[in-house]
Amino acid sequence: MNQALKFLLSIMIVIVTFVVSATLAGMLAEYAGWWKKPVIGGVAAACVVLSGYISAPVYKLYSAAVWLLIGAGAAWVMSSVFMYAEDAGTSVPLYVTYASGVFALALCWIWERRKVV
């Protein structure tokens, strides 16, 4: 399988991971009575970055960073489109999402450094 097809498969894996992780995180937050948006955003961001890193055939760290940027843009758009009543006047869910994505990228960087050494 050539690299383009492997990257296409990686993209599909990340998209499915996003949908499944966001859905399950929302269900968990609803069941536990937690504030849904930061839970959904944080879990989805981490899962997208980690699945982008794991599924990329080459340039894994760069792929994870690109997914972080794509996810950050999508989170910014979605934070204004999908407003819940409890989100009015706060950007905390967006900041939690960003922090979770950056933390996941830091984990990927650590794994990458451990491979090199």
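Look above for the structure.
Attention here is on the structure that accompanies the text. (Residues numbered from 1 in each chain as written. Predicted model: local features only at pLDDT ≥ 70, side-chain atom pairs only at ≥ 80, totals over all residues. Heavy atoms only, no water.)

### Examining the nonpolar core
Reasoning step 1: Counting 8 residues, the largest nonpolar core consists of A46, V49, Y53, A64, L68, A104, L105 and C108.
Reasoning step 2: Looking at this core, the elements with two or more residues in it are helix 2 (36–55), helix 3 (60–81) and helix 4 (92–116).
Reasoning step 3: Those residues in contact with L68 that sit more than four places away from it in its chain are V49, G101, V102 and L105.
Reasoning step 4: Counting residues in hydrophobic clusters, the runner-up holds 6 residues, among them A22, A25, A29 and A44. (Core = buried A, V, L, I, M, F, W, Y, C linked by side-chain atoms within 4.5 Å. Buried < 20%, exposed > 50% of the residue type's maximum accessible area, 1.4 Å probe, protein only. Helix = DSSP H or I, 4+ residues; strand = E, 2+ residues; numbered from the N terminus. Contact = heavy atoms within 4.5 Å.)

### Side note on helix 2
Reasoning step 1: Helix length check: helix 2 (20 residues) gives 28 Å between terminal C-alpha atoms against 28 Å at 1.5 Å per residue, within 8%.
Reasoning step 2: Extensive coverage of helix 2 is indicated by the burial of 15 of its 20 residues. (Expected span 1.5 Å × (residues − 1).)

### Quick look at the layout of surface pockets
Reasoning step 1: Put simply, the largest pocket is a space of about 550 Å³.
Reasoning step 2: Considering the residues around the largest pocket, the lining is formed by 27 residues, among which F18, G41, A44, A75 and M78 are closest to the centre.
Reasoning step 3: Of all the secondary-structure elements, those providing two or more residues to the lining of the largest pocket are helix 1 (3–32), helix 2, helix 3 and helix 4.
Reasoning step 4: No other element matches helix 3, which puts 9 residues into the lining of the largest pocket.
Reasoning step 5: Split by residue class, the lining of the largest pocket holds 21 nonpolar, 5 polar and 1 charged. (1 Å grid on protein atoms, 1.4 Å probe; cavity = no way out; pocket = protein on both sides within 12 Å on 5 of 7 lines; lining within 4 Å. Points joined across faces, edges and corners; volume = space filled by probe spheres on them. Nonpolar A, V, L, I, M, F, W, Y, C, P; charged D, E, K, R; others polar.)

### What about the packing of aromatic side chains?
Reasoning step 1: Summed over the entire model, instances satisfying the criterion amount to 2 aromatic pairs.
Reasoning step 2: The residue whose ring lies beneath K60 is Y53, and the NZ or CZ to ring-centre distance is 6.0 Å. (Phe/Tyr/Trp six-rings, centres within 6.5 Å; stacked < 30°, edge-to-face > 60°. Lys NZ or Arg CZ within 6 Å of the ring centre and 35° of its normal.)

### Notes on a nonpolar patch on the surface
Reasoning step 1: Together, L5, L8, I11, M12, I15, F18, V19 and M78 make up a nonpolar patch on the protein surface, roughly 670 Å² of accessible area in all.
Reasoning step 2: Counting residues per element, the nonpolar patch draws most heavily on helix 1, at 7 residues.
Reasoning step 3: Mapped onto the elements, V19 comes out in helix 1.
Reasoning step 4: Here V19 falls in the partly exposed class, since its relative accessible area comes to 45%. (Patch = residues over 30% accessible without salt bridge, like charges linked within 9 Å, V, L, I, M, F, W, Y side chains within 5 Å. Areas by Shrake-Rupley, 256 points an atom, 1.4 Å probe, with all protein chains shown as cover. Salt bridge = Lys/Arg side-chain N within 4 Å of Asp/Glu carboxyl O.)

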